[in-house]
Amino acid sequence: MVIYLGDKFGFTISLMAFAVIIYMLVSIFYLYVAVGEHWNLVLSALLDSRVHGAIFISISSALLVGFLAIVSSIPVAYLLTYMEIRGKEILETFLIDIPQTFPPVTEGLVYLLMFGRFGLAYTYAAVIIAKFYVSAPFTISFASRRFREIKESGMDIIARSLGAKTSHILTKILLPLSARDLIAGFSLTWARAMGELAATLVFAGAIPWVTETLPVLIYLTSSESPQVAIAASVIMETLSIISLLLFKFIARRRY
Amino acid sequence: MSLYIRNVSKSFGKVKVLDKVELLVEQGELMVIMGPSGCGKTTLLLVILGALRPDEGQIWIGDREITNLRVEERNIGYVPQDFGLFPHLSVYENIAFGLKIRGYSKLEIDSKVRNLLRIVNLDGLETRKPKELSGGQRQRVALARALAINPSLLLLDEPLSNIDEATKSDVIEKLKDLQKEVGITTICVTHNPEDAFKLGNRIAIMYLGRIIQCGKPEEILKEPKNEVVKRLVASMYILWNKA
């Protein structure tokens, strides 16, 4: 392939692109540089029980939210694909776009008001609830898009002409053909859930080994003991990068 | 079985795509519906299949009215233009799809699938995935898959549009032979007059949502009902005169 960078405009455009790319990469990897020779701080943080707790709560809750997102995205995507009503796009905006951009602090407060009286605030369940709202839409969006593609290909109608009922369409056509998209959605949901701070902090608080996640720990320790915060950040960032790359590898399309 | 389409209409918004369509296809017949793009032929096919509901009219297969049945209850074999093979399944699994759903035993499925593979000339390709097949092979898998459920009716949407020119006449002969061998009532839709005249026992000419003439190829050429029919089949006179 010939890339047209030869003329002035092409050169300027590629220069701009390089600037953005370098900025993004530096943003990601600067932390490792900043830690520099103080790797021993990271290692000692790894031995801290509070950090262990935060890692455990973060990973377990993000995984759980990822699985819940898959389970709930399937019926929602099915409905969004096959329901023929007006205002479907608005419903989709409320299910997918708004949660992703909703101010998490406000969301935490809403849940505090909604579920606080049921004794759900400051529990592990609160961590899941807070993270689910902002991160599940990734999976819902991926699943809906793929289901719609399959519907447009007409494969569902062919399957029906062969006698398939809705259960068959789901288990033999939609799910196998969307497996990779669900994994891709899961990976983004998981990553978003790992990074969620404000809603979790407001609704679930920061009880070590119960509700304190890595972002909450980082936020709370960043002023009093920054070395712990930096160490926890390194752990979190490494986890996120490795897991995203791994999921991306698993989710490569085969067909 | 025979198919009777009675007074079927269908509109999308203000556009009337099917306008009181009447058509009778006899048992075992290969009927071609021919017409220019946008004349409503694919819509008619989807209405017969059950993927679209008509606004009015009825559809009968034999003495059973199917107008309000769901797609999965109609027992109609359908081969779309792009063949619509399931990309995640092998040739064998594609053909076995309908049989598995119907709860046939493994042994029955195997004997039926092997038999169909032989009929459509695909022996030895059963483990291939659709992407590893040629256009013609894909079409034959789709045909075998549709025939596997022993349908009362077979619908083919533009069966020759994804086939190389070089192999087209061969495919037409094979399609005709296969249809005769299985003896299944078949409706085939095409925009191409040449394909229509080579394939069909009878041809229904469709224009602006109506069937404006239906008859044997030579009848249509001899006595075109009006100027539109004449114009639509114009290219056929040259071929006909040659033959």
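Quick look at the structure, then. This structure is a prediction, so every number in the text was calculated from the model and none was measured.

## Details of the packing of aromatic side chains
Residues and elements named next belong to chain A.
At step 1: What the rule picks out here adds up to twelve aromatic pairs over all chains.
At step 2: An angle of 50° between the planes, with centres 5.2 Å apart, marks the rings of phenylalanine 67 and phenylalanine 186 as tilted. Of the two residues, phenylalanine 67 is situated in helix H3 (residues 49–82) and phenylalanine 186 in helix H8 (residues 166–195); the sequence distance between them amounts to 119 residues.
At step 3: The exposure class assigned to phenylalanine 67 is partly exposed, which follows from its relative accessible area of 49%.
At step 4: Seen in terms of ring centroids, phenylalanine 115 and phenylalanine 203 are 6.4 Å apart; in terms of plane orientation they differ by 35°. Their pairing is tilted.

## Describing a nonpolar patch on the surface
At step 1: Taken together, the side chains of Phe18, Ile21, Ile22, Leu25, Val26, Ile28, Phe29, Tyr30 and Val33 of chain A make up a nonpolar region of the molecular surface, amounting to roughly 880 Å² of accessible area.
At step 2: Summarising the element assignment, leucine 25 of chain A is placed in helix H1 (residues 8–35).

## Examining the interface of chain A and chain B
At step 1: Counting from both sides, the interface comprises 18 residues of chain A and, opposite them, 22 residues of chain B.
At step 2: A combined buried area of about 1800 Å² lies between chain A and chain B, and 73% of that area is made up of carbon and sulfur atoms.
At step 3: One salt bridge in this structure joins arginine 160 of chain A and glutamate 72 of chain B, with 3.2 Å as the shortest N-O distance.
At step 4: Contributions of two or more residues to the side of chain A that touches chain B are made by helix H7 (155–161) and H8 of chain A.
At step 5: Element by element, the count of residues in the side of chain A that touches chain B is highest for H7 of chain A, at six residues.
At step 6: Looking at side-chain class alone, the side of chain A that touches chain B contains ten nonpolar, four polar and four charged residues.

## Some words on the packing of helix H5 (residues 104–115) of chain A against helix H6 (residues 124–153) of chain A
The axes of two packed helices give the description: the angle between them and the distance between them.
All names here are of chain A.
At step 1: Closest axis-to-axis distance for the H5/H6 pair is 10 Å, and the angle between their directions is 130°. On the basis of their axis angle, the class for H5 and H6 is oblique. By crossing handedness, the relation of H5 to H6 is classed as right-handed. Across from Glu107, Tyr111 and Phe115 in H5, the residues of H6 making contact are Ile129, Ala130, Tyr133 and Val134.
At step 2: Looking at the contact of H5 with H6 residue by residue, the classes come out as six nonpolar, no polar and one charged.

What counts, and at which threshold
Residues numbered from 1 in each chain as written. Chains lettered and ligands numbered in written order. Predicted model: local features only at pLDDT ≥ 70, side-chain atom pairs only at ≥ 80, totals over all residues. Heavy atoms only, no water. Phe/Tyr/Trp six-rings, centres within 6.5 Å; stacked < 30°, edge-to-face > 60°. Helix = DSSP H or I, 4+ residues; strand = E, 2+ residues; numbered from the N terminus. Buried < 20%, exposed > 50% of the residue type's maximum accessible area, 1.4 Å probe, protein only. Patch = residues over 30% accessible without salt bridge, like charges linked within 9 Å, V, L, I, M, F, W, Y side chains within 5 Å. Areas by Shrake-Rupley, 256 points an atom, 1.4 Å probe, with all protein chains shown as cover. Salt bridge = Lys/Arg side-chain N within 4 Å of Asp/Glu carboxyl O. Contact = heavy atoms within 4.5 Å. Buried area = accessible area lost by both parts, 1.4 Å probe. Nonpolar A, V, L, I, M, F, W, Y, C, P; charged D, E, K, R; others polar. Axes fitted to C-alpha atoms, helices over the stretch in contact; angles between N-to-C directions. Parallel < 35°, antiparallel > 145°, perpendicular 65-115°, else oblique. Left-handed = near helix turned anticlockwise from the far one by under 90°.

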